[in-house]
Amino acid sequence: MSKLFFGDNLDVLRTMPAECVDLIYLDPPFNSNANYNVLYGTKRGGASKAQSHAFEDMWTWGRDAQRALDEAADRNLEAGALLDAFQKVFSGSNMMAYLAMMTVRLIELRRVLKATGSIYLHCDPTASHYIKIMMDGIFGHGNFRNEIVWKRTGAHGGAGRWGDIHDVILFYSASDHYTWNRVLQKHDEDYVDTKYRFTDERGRYRLVVLTGPGTTQGASGQPWKGYDPTSAGRHWAVPKRAIQALKDDGINIPDGLHEQLDMLYEHGFIRFPEKGRRGGQGVPEFKLHLENGQPIQDVILDIPPLNSQAQERLGYPTQKPVALLERILLASSNPGDVVLDPFCGCGTTVHAAQRLRREWIGIDVTYLAIHVIESRLVRSFGEDIRKDYKLFGKPKDPDDAHVLAARDWLEFQKWAVLTLGGLPKDKPGADGGIDGIIRYHRVGIEQPNRAIVSVKGGLHVGVDAIHKLKSVVQREGAEIGVLVCVNPPTGPMVREAASEGEVGPASRRVQRIQIVTIDQLFQPYPVHLPGMIDPLEAIPGPGPSSKRGRKRVEGQTEMLFPIGGAHHAENTKRKGNRPIRAVNIEVTRSEYNRKAK
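Quantities reported herein were computed from a predicted structural model and do not represent experimental measurements. (Residues numbered from 1 in each chain as written. Predicted model: local features only at pLDDT ≥ 70, side-chain atom pairs only at ≥ 80, totals over all residues. Heavy atoms only, no water.)

**Overview of the overall build of the protein**
As a reminder, the rule being used: Here a helix means four or more residues in a row that DSSP labels H or I, a strand means two or more in a row labelled E, and each is numbered from the N terminus. Burial classes: relative accessible area under 20% of the type maximum marks a residue as buried, over 50% as exposed, and values in between as partly exposed (1.4 Å probe, protein chains only). Residues are treated as being in contact if the distance between any of their heavy atoms lies within 4.5 Å. The Shrake-Rupley method, run with a 1.4 Å probe, gives the accessible areas here. Residue values count only the displayed protein chains as cover.
Of the regular secondary structure elements, the protein holds 18 helices and 24 strands. Scored against the burial criterion, the 597 residues of the protein give a buried share of 48%. When contacts within the protein are restricted to residue pairs at least 6 apart in sequence, long-range pairs at least 24 apart make up 68% of them. Of the accessible surface of the protein, which amounts to about 29100 Å², a share of 48% is contributed by carbon and sulfur atoms.

**Quick word on the packing of aromatic side chains**
Aromatic ring pairs are defined here through the distance separating the ring centres and the angle between the ring planes. Rules: A pair of aromatic rings is counted whenever rings of Phe, Tyr or Trp (Trp by its six-membered ring) have centres within 6.5 Å, and the orientation is called stacked for planes under 30 degrees apart, edge-to-face for over 60 and tilted otherwise.
Applying the stated rule across the entire model yields 18 aromatic pairs. Relative to Tyr-172, the ring of Phe-139 has its centre 6.1 Å away and its plane inclined at 40°; by these criteria the two rings are tilted. With Phe-139 in helix 6 (residues 128-139) and Tyr-172 in strand 5 (residues 166-173), this residue pair connects regions lying 33 residues apart in the sequence. For the pair Phe-139 and Tyr-172, a shared accessibility class is recorded, and that class is buried. On the numbers, 5.7 Å between centres and 40° between planes, the contact of Phe-412 with Trp-415 is tilted. Taken together, the residues Phe-412 and Trp-415, both in helix 14 (residues 409-419) and 3 residues apart, mark about one turn of the helix. Overall, Trp-415 belongs to the buried group, its relative accessible area being 2%. Taken together, the ring pairs connect Tyr-120, Phe-171, Tyr-178 and Trp-180 into an aromatic cluster.

**Brief notes about the side chain of Ser-454**
In this fold, Ser-454 is placed in strand 20 (residues 449-456). Ignoring any residue separated from it by four or fewer positions in sequence, one finds Ser-454 in contact with Gly-433, Asp-435, Leu-469, Val-482, Leu-483 and Val-484.

**Topic: unusual backbone geometry**
Backbone geometry at Glu-19 places phi at a positive 50°, although glycine is not the residue there. One can find Glu-19 in the loop between helix 1 (9-13) and strand 2 (21-26). Backbone geometry at Lys-225 places phi at a positive 50°, although glycine is not the residue there. Within the fold, Lys-225 resides in the loop between strand 9 (211-213) and strand 10 (234-236). For Lys-225, a relative accessible area of 43% puts it in the partly exposed group.

**Brief notes about the pairing of strand 4 (residues 144-151)**
We count it as follows: Between any two strands, pairing holds if DSSP finds at least two bridges.
One ladder, built from 7 bridges, connects strand 4 with strand 5; its direction is antiparallel. Within strand 5, the position partnered with Ile-148 by the bridge is Ile-169. As defined by bridge partners, strand 4 adjoins strand 14 (residues 299-300) across 2 bridges and the pair is classed as parallel. Note on strand 14: the bridge partner recorded for Val-149 is Val-299.

**Some thoughts on the packing of helix 3 (residues 63-75) against helix 4 (residues 77-90)**
Selection criterion: Lines fitted to C-alpha atoms define the axes here, with helix axes fitted over just the stretch in contact, and angles between the N-to-C directions of these axes take values from 0 to 180 degrees. When describing relative orientation, an angle under 35 degrees is termed roughly parallel and one over 145 degrees roughly antiparallel, while 65 to 115 degrees is termed roughly perpendicular and anything else oblique.
Two elements in contact, helix 3 and helix 4, have axes separated by 6 Å at closest approach and are oriented at 140°. As the angle between them shows, helix 3 and helix 4 are arranged oblique. Together, Leu-69, Ala-72, Ala-73 and Arg-75 of helix 3 and Leu-77, Gly-80, Leu-83 and Gln-87 of helix 4 make up the contact between the two elements.

**Things to note about the nonpolar core**
Quick note on the threshold: Residues belong to one nonpolar core when they are buried, are Ala, Val, Leu, Ile, Met, Phe, Trp, Tyr or Cys, and are joined through side-chain atoms within 4.5 Å.
The biggest cluster of nonpolar side chains holds 60 residues, and the ones touching the most others in it are Leu-329, Phe-412 and Val-484. The element that contributes the greatest number of residues to this core is helix 12 (residues 367-381), accounting for 7 residues. Setting aside anything within four residues of it in sequence, one finds Val-484 in contact with Ala-416, Leu-420, Val-453, Ser-454, Val-455, Lys-456, Val-516 and Leu-521. Core analysis: the second largest hydrophobic core is formed by 48 residues, Cys-20, Met-95, Met-101 and Leu-121 among them.

**Some remarks on the sheet that holds strand 18 (residues 423-424)**
Spatial strand order, 18-19-20-21-24: 5 strands in an open sheet with mixed pairing. Edge positions in the sheet fall to strand 18 and strand 24 (513-517), since each of these pairs with one other strand and no more. Bridge analysis of strand 19 (residues 436-440) against strand 20 gives 5 bridges, and the strand direction is antiparallel. The residue of strand 20 that forms the bridge with Arg-439 is Arg-450. Packed onto the sheet, helix 14 meets strand 18, strand 19, strand 20 and strand 21 (480-485) and runs at close to 145° relative to strand 20. Those strands touched by helix 16 (residues 491-498) are strand 21 and strand 24, and its axis lies near 145° from that of strand 24.

**As for the pattern of salt bridges**
To keep things clear, this is the line we draw: Each salt bridge in this description consists of a side-chain nitrogen of Lys or Arg and a carboxyl oxygen of Asp or Glu lying within 4 Å of one another.
Going through the model one piece at a time under the given rule, you end up with 32 salt bridges. In this structure, Arg-75 engages Glu-108 in a salt bridge whose closest nitrogen and oxygen atoms are separated by 2.9 Å. With a gap of 33 residues between them, Arg-75 in helix 3 and Glu-108 in helix 5 (residues 94-112) connect regions that are remote in the sequence. The closest approach of N and O atoms between Arg-111 and Glu-108, which form a salt bridge, is 2.9 Å. With a gap of 3 residues between them, Arg-111 and Glu-108 both fall in helix 5, about one helical turn apart. On the basis of relative accessibility, which here comes to 29%, the residue Arg-111 falls in the partly exposed class. Exposure remark for Glu-108: the relative accessible area of 2% places this residue in the buried category. Bridged by salt links that share partners, the residues Arg-14, Glu-71, Arg-75, Glu-108 and Arg-111 form one connected network.

**Concerning helix 13 (residues 398-407)**
Put simply, the rule is: In this context, the arc is that of the directions from the helix axis out to the C-beta atoms.
The complete set of buried residues in helix 13 reads Ala-401, Leu-404 and Ala-405. Projected down its long axis, helix 13 carries its buried residues within an arc of 100°, all on one side. Facing away from the buried side of helix 13 by over 90 degrees, the exposed positions are Asp-399, Val-403, Ala-406 and Arg-407.

**Points about the packing of helix 13 against helix 14**
Basically, it comes down to this: Throughout, the ten residues Ala, Val, Leu, Ile, Met, Phe, Trp, Tyr, Cys and Pro are labelled nonpolar, Asp, Glu, Lys and Arg are labelled charged, and all others, Gly among them, are labelled polar.
For the pair helix 13 and helix 14, interaxial distance at closest approach is 5 Å and the crossing angle is 135°. Judged on the interaxial angle alone, helix 14 and helix 13 are oblique. Residues Ala-401, Leu-404, Ala-405 and Arg-407 of helix 13 form the contact with helix 14, whose own contacting residues are Trp-409, Glu-411, Phe-412 and Trp-415. Grouping the amino acids of the contact of helix 13 with helix 14 by side-chain chemistry returns 6 nonpolar, no polar and 2 charged.

**Here we look at a negative patch on the surface**
The condition is simple: Grouping into patches uses exposed residues only, defined as over 30% relative accessible area, and leaves out salt-bridged ones; the cut-off is 9 Å for like charges and 5 Å for nonpolar side chains (Val, Leu, Ile, Met, Phe, Trp, Tyr). Residues scored as positive are Lys and Arg, those scored as negative are Asp and Glu, and His as well as the terminal groups of each chain are ignored. For this purpose, a charge sits on NZ of Lys, CZ of Arg, CG of Asp or CD of Glu.
Residues Asp-255, Glu-259, Asp-262 and Glu-266 make up a contiguous surface patch of negative charge. Along the chain, Glu-266 falls in helix 9 (residues 257-266). You can call Glu-266 exposed: its relative accessible area is 61%.

**Observations concerning the sheet that holds strand 1 (residues 2-6)**
Judged by pairing direction, the sheet is mixed, and its 9 strands sit side by side in the order 14-4-5-3-2-15-16-1-17 without closing on themselves. The open sheet has two edge strands with one neighbour each: strand 14 and strand 17 (389-392). Two strands pair when backbone bridges link them, and strand 15 (residues 338-341) and strand 16 (residues 359-364) are joined in this way by 4 bridges, in the parallel orientation. Paired with Asp-341 across the two strands is Gly-362, which belongs to strand 16. Packing against the sheet, helix 12 makes contact with strand 1, strand 16 and strand 17, and its axis sits at approximately 150° to strand 1.

Right, dumping it as structure tokens:
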């Protein structure tokens, strides 16, 4: 069963058994890009401090970086020696912190990788050469296979330098005996038109010489069908593609060189001109027929980056296209293999692995990433996908939630807001008491309404927190305020919240200021919203009316992620008059907002 972990990947890796993974792909935050792990930008286009905080310390020299350096030196002699050498040049720098933090993780990744496995590390040119040296020490320089260049963007101007338009992917295997599958990529049309100029019953082909430079003794230097390769200072050299062509036709391959040439000639794979340039016997050539594509190359130009209108785009600034990950997975793994991504971000590797029937392990330190990945899987594969993987680290009960609050308050805030169906603010706790926003629509009202969410912890939360929330709700023009409390509210807090009265239509009045405890976060509907439409009523069932597409309720926005069970709306029964609350996740990218309008 596949696994999704919420937590520090180093902690998770150290709990995993040795040699349990077939393929590793990691796309860690680059040292040159402080905003790498930002899932969503702000509405003003800047970085989201709430989501990049997890890596601010990771790439800055300090106590954690020093501890990582010491641990790496203790666990791997070669890595320790290399870090000592780097220390002489980069001591106390952010680059040294980056190398130390990456090295201690690469050591664990090497431990969990099977002997037949491979690892692909995606990075940018600012640190790829240092990381390559470190991987040579950990994985062995003899196991280096490729430095792959991917064109990640189009024309890009540089101030006083060449345009920076590519990323680097370092490909290493764990041994000489590693999984490798022949994968084809699409031919360039101009190349096909220029090179594949001939046609026979098998299709288009080009001509390839059957000889190599230099003369040799034995069969490779002997004449065949009247042509002597040594007369031109050459010898017979049958290309592998020629032998593969015979195999593809189900022909048994003979051992002798001349017998192989006879077989190729007999089955029409050799073109033997009657006359050469000087009137003598022409040079025999192999007919290389056009395949569906050419073997994959280490310069990737045919997989473009995701543009702003791409359907798979989630708003993640450095999101990679699924096609790129699928190419890697097809080349270096087989169905049923285990694929690991320790920095899984928005879940592209997980998505590709699920589609290609691989098991997968995804790890990310931010809860919002886990939320996006789960929603992405449901949207792509349906609600039943939740049965195919197990989630570790997400609070499953109030005790887990208390542990998360004590371990990482910022992640607890985001988890609480997302659990309520809202979106965390860009600066939780530092923007006038707003930790999140729940957007919702009421029937007949065009503009969306908002509920302000404030998350409070500690032992001294009292009536003052209610007073502050009231003022924020009034200032922001919101309809509702929600106070999430780690500890149960006091009696004065409950009375002060109730004194603010109710809002909503007569058929659905709710309290304007609501208090939600950790226990209530695990109930089906911890927040009560006024006059909400049942979202399933806005989706037509089967029949002629469905051809017109989804009904549009005035003022209703599209949801980025579907509500659980929305795929089977026609089979869903409502119980009594209980309202079903829509969970709208709004992406802050401007093009998405324009589409929603």
